[in-house]
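Each chain is listed here by its residues.
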Amino acid sequence: MQLSTKHLLGIKDLSAEDISLILATASQFKEVLQRPVKKVPSLRDITIVNLFYENSTRTRISFELAEKRLSADSINFSASASSVSKGETLLDTVNNILSMKVDMVVMRHSASGAPHFLAKHIPAAIVNAGDGINEHPTQALLDAFSIQEKIGSLEGKKVLLIGDIMHSRVALSNIYLLKKMGAEVMVAGPPTLIPTYIKEALQVKVEYNLKKALQWCDVANVLRIQLERQNQVLFSSLREYNLAYGVSKKLLDGLQKEIVIMHPGPINRGVEIDSDVADSSQSIILQQVENGVAVRMAVLYLLAGKKAE
Ligand code: CP
């Protein structure tokens, strides 16, 4: 089976079949990662550049590891240590890198649409590793993989996204994916951090009371407040945010059931999530990070197969 797209720019462009194929392929790679020798020769003839114009810990290391596990040649580019600071444009930078015979570009950029722009201008396959407030498709795929691994099929599951929905590319990619796979989605947070169009445009439930939202869900994905993307004051203080929307052990103990707790990272302990929740047995935060490598191996492997067509 093949993906329907040449690039992974966003979950919006994928079909449910594409998503199922990526998740099934990731299962096979997860099995490879349990072996003493965690490496396969699948991408031995492929060269990949990791083009990071914005900071990252998890996504960058995860892609680098995925490439090494697939035996690809990889190059790491960090905008802060490059000729971008001398005024070089994104397109010139990428064309210079491609002239050294690179097959795939993994890209993170603070501008929404940057990978879509590149995809129109260069022949290499592009993987979006997070673009501004638009999408973070591999995060949504690893989140889906982690939910499936913990509680089975996404169909009919109730998934809650809590926090800064307005500035979160993780939220948008998760909403697209979960809806395509038949899950029910609710968002919760302060009204100033939830776009008004979201209910009708994306067919999600909106709840401003965190306790009610937690009572509804099977899985709660807790998001960071993206202060670096906010150019106006949207809530009074981090302390007040924590009191109204922070996920605490006391809140979870008051529910009639045990829900699964997720977070894409980086975590701001004591703001959106308390330490005794993040580190509890209900939390699958580190499993999400572990699964990221298998999911990214699946994406790179399937896109490389598409390129060879
Ligand atoms: N989840 C995520 O994208 O984390 P990084 O910003 O550290 O890559």
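What counts as what
Residues numbered from 1 in each chain as written. Predicted model: local features only at pLDDT ≥ 70, side-chain atom pairs only at ≥ 80, totals over all residues. Heavy atoms only, no water. Buried < 20%, exposed > 50% of the residue type's maximum accessible area, 1.4 Å probe, protein only. Helix = DSSP H or I, 4+ residues; strand = E, 2+ residues; numbered from the N terminus. Arc of directions from axis to C-beta. pLDDT = per-residue confidence, 0-100. Domains from an automatic or database assignment. Contact = heavy atoms within 4.5 Å. Buried area = accessible area lost by both parts, 1.4 Å probe. Salt bridge = Lys/Arg side-chain N within 4 Å of Asp/Glu carboxyl O. Expected span 1.5 Å × (residues − 1). Phe/Tyr/Trp six-rings, centres within 6.5 Å; stacked < 30°, edge-to-face > 60°. Near = heavy atom within 4 Å. Polar contact = N/O pair within 3.5 Å; in protein donor to acceptor, adjacent residues only side chain to side chain. Areas by Shrake-Rupley, 256 points an atom, 1.4 Å probe, with all protein chains shown as cover. Nonpolar A, V, L, I, M, F, W, Y, C, P; charged D, E, K, R; others polar. Pairing = 2+ DSSP bridges. Right-handed = clockwise from strand over helix to strand, strands pointing away. Core = buried A, V, L, I, M, F, W, Y, C linked by side-chain atoms within 4.5 Å. Axes fitted to C-alpha atoms, helices over the stretch in contact; angles between N-to-C directions.

*Asks:* Explain helix 3 (residues 90–98) here, please?
*Replies:* Since there are 3.6 residues in each turn of an α-helix, residues three or four apart along the chain are aligned in direction. The set of residues buried in helix 3 consists of Leu-90, Thr-93, Val-94, Ile-97 and Leu-98. Considered in projection along helix 3, the buried side chains sweep an arc of 130 degrees and stay on one side of the axis.

*Asks:* How should I be thinking about the confidence of the model for the protein in this particular structure?
*Replies:* For residues with low pLDDT, the predicted coordinates do not support detailed interpretation. Looking at the protein as a whole, its pLDDT mean stands at 95, while 98% of the residues score no less than 70. Across the protein, the secondary-structure element scoring lowest on mean pLDDT is helix 3, at 90, and the one scoring highest is helix 5 (residues 137–151), at 99.

*Asks:* Can you help me understand the domain arrangement of the protein in this one?
*Replies:* Accessible area lost during the coming together of the parts is what is often quoted as the interface size. Taken domain by domain, the protein comprises domain 1 (11–136 + 289–303) and domain 2 (137–288). Put simply, the middle of domain 1 and the middle of domain 2, counted by C-alpha atoms, are 25 Å apart. Contacts between domain 1 and domain 2 engage 33 residues on the former and 30 residues on the latter. Together, the buried faces of domain 1 and domain 2 total about 2600 Å²; carbon and sulfur atoms form 62% of this surface. Joining domain 1 to domain 2, the criterion identifies two salt bridges.

*Asks:* Would you mind going over helix 2 (residues 58–69) with me for this structure?
*Replies:* The end-to-end C-alpha separation of helix 2 is 16 Å, in line with the 16 Å expected for twelve residues at 1.5 Å each. Listing the buried residues of helix 2 in full gives Thr-59, Ser-62, Phe-63, Glu-64, Ala-66 and Glu-67. Ser-71 sits one or two residues past helix 2 and shows a positive phi near 65 degrees.

*Asks:* Looking at this structure, how should I read the packing of aromatic side chains?
*Replies:* Centre-to-centre distance and the angle between the planes together describe a pair of aromatic rings. The tally for this structure, following the rule as stated, stands at three aromatic pairs. Aromatic side chains Tyr-53 and Phe-77 sit 5.6 Å apart centroid to centroid with 45 degrees between the ring planes, which places their arrangement in the tilted category. A residue pair is termed long-range when its members are at least 10 positions apart, and Tyr-53 in the loop between strand 1 (47–52) and helix 2 and Phe-77 in strand 2 (residues 73–78) qualify at 24 residues. As far as burial versus exposure is concerned, Tyr-53 and Phe-77 are alike and both buried.

*Asks:* Looking at this model, I keep getting lost on the side chain of Thr-138. Mind explaining?
*Replies:* Its location among the elements puts Thr-138 in helix 5. Excluding residues within four positions of it along the chain, Thr-138 makes contact with Leu-8, Phe-63, Val-127, Val-295, Arg-296 and Val-299.

*Asks:* Where do I start with the site of the ligand in this structure?
*Replies:* Near the ligand, the surroundings consist of Ser-56, Thr-57, Arg-58, Thr-59, Arg-108, His-136, Gln-139, Pro-264 and Gly-265. Here Thr-59 contributes a side-chain N or O atom positioned 2.6 Å from an oxygen atom of the ligand. With respect to the ligand, the backbone of Pro-264 contributes an N or O atom lying 2.8 Å from a nitrogen atom. Against a free-state accessible area of 250 Å², the protein chains account for coverage of 92% of the ligand. Residue classes in the shell around the ligand are distributed as one nonpolar, six polar and two charged. When residues of the shell around the ligand are assigned to domains, at least three fall in each of domain 1 (11–136 + 289–303) and domain 2 (137–288).

*Asks:* Is there a simple way to think about the pairing of strand 5 (residues 158–162) in this case?
*Replies:* On a regular strand, each side chain points to the face opposite its neighbour's, so the side chains alternate between the two faces of the sheet. Where burial is concerned, most of strand 5 is hidden: four out of the five residues are buried. Strand direction decides the pairing type here: strand 5 and strand 6 (residues 184–188), joined by five bridges, are parallel. By the bridge assignment for strand 6, Val-159 is matched with Val-185. Once the chain exits strand 5 it traverses helix 6 (residues 169–180) before rejoining the sheet at strand 6, and the crossover so formed is right-handed.

*Asks:* Would you mind showing me how to read the nonpolar core here?
*Replies:* For soluble globular proteins, the rule of thumb is that nonpolar side chains tend to be buried together. With 66 residues, the main nonpolar core has Met-104, Val-127, Leu-141, Leu-177 and Leu-300 as its most contacted residues. Broken down by element, the residue count for this core peaks at ten residues, all from helix 12 (residues 285–307). Residue assignment places this core across two domains, with domain 1 (11–136 + 289–303) and domain 2 (137–288) each supplying three or more. Setting aside chain neighbours within four positions, we find Val-127 in contact with Leu-8, Phe-63, Met-104, Val-105, Val-106, Met-107, Thr-138, Val-299, Leu-300 and Leu-303. Core analysis: the next-biggest nonpolar cluster, separate from the first, contains 28 residues, Met-186, Trp-216, Leu-255 and Val-277 among them.

*Asks:* Hey, could you run me through the sheet that holds strand 1 in this one?
*Replies:* Backbone-to-backbone hydrogen bonds pair the strands of a sheet. The strands run either parallel or antiparallel. The strand order 2-1-3-4 describes an open sheet built from four strands, whose pairing is parallel. Since the sheet does not close on itself, it has two edges, and those belong to strand 2 and strand 4 (125–131), each with one partner. The mean angle between the axes of side-by-side strands here comes to 15 degrees, regardless of whether they run parallel or antiparallel. When strand 1 meets strand 2, the two strands line up parallel, connected through six bridges.

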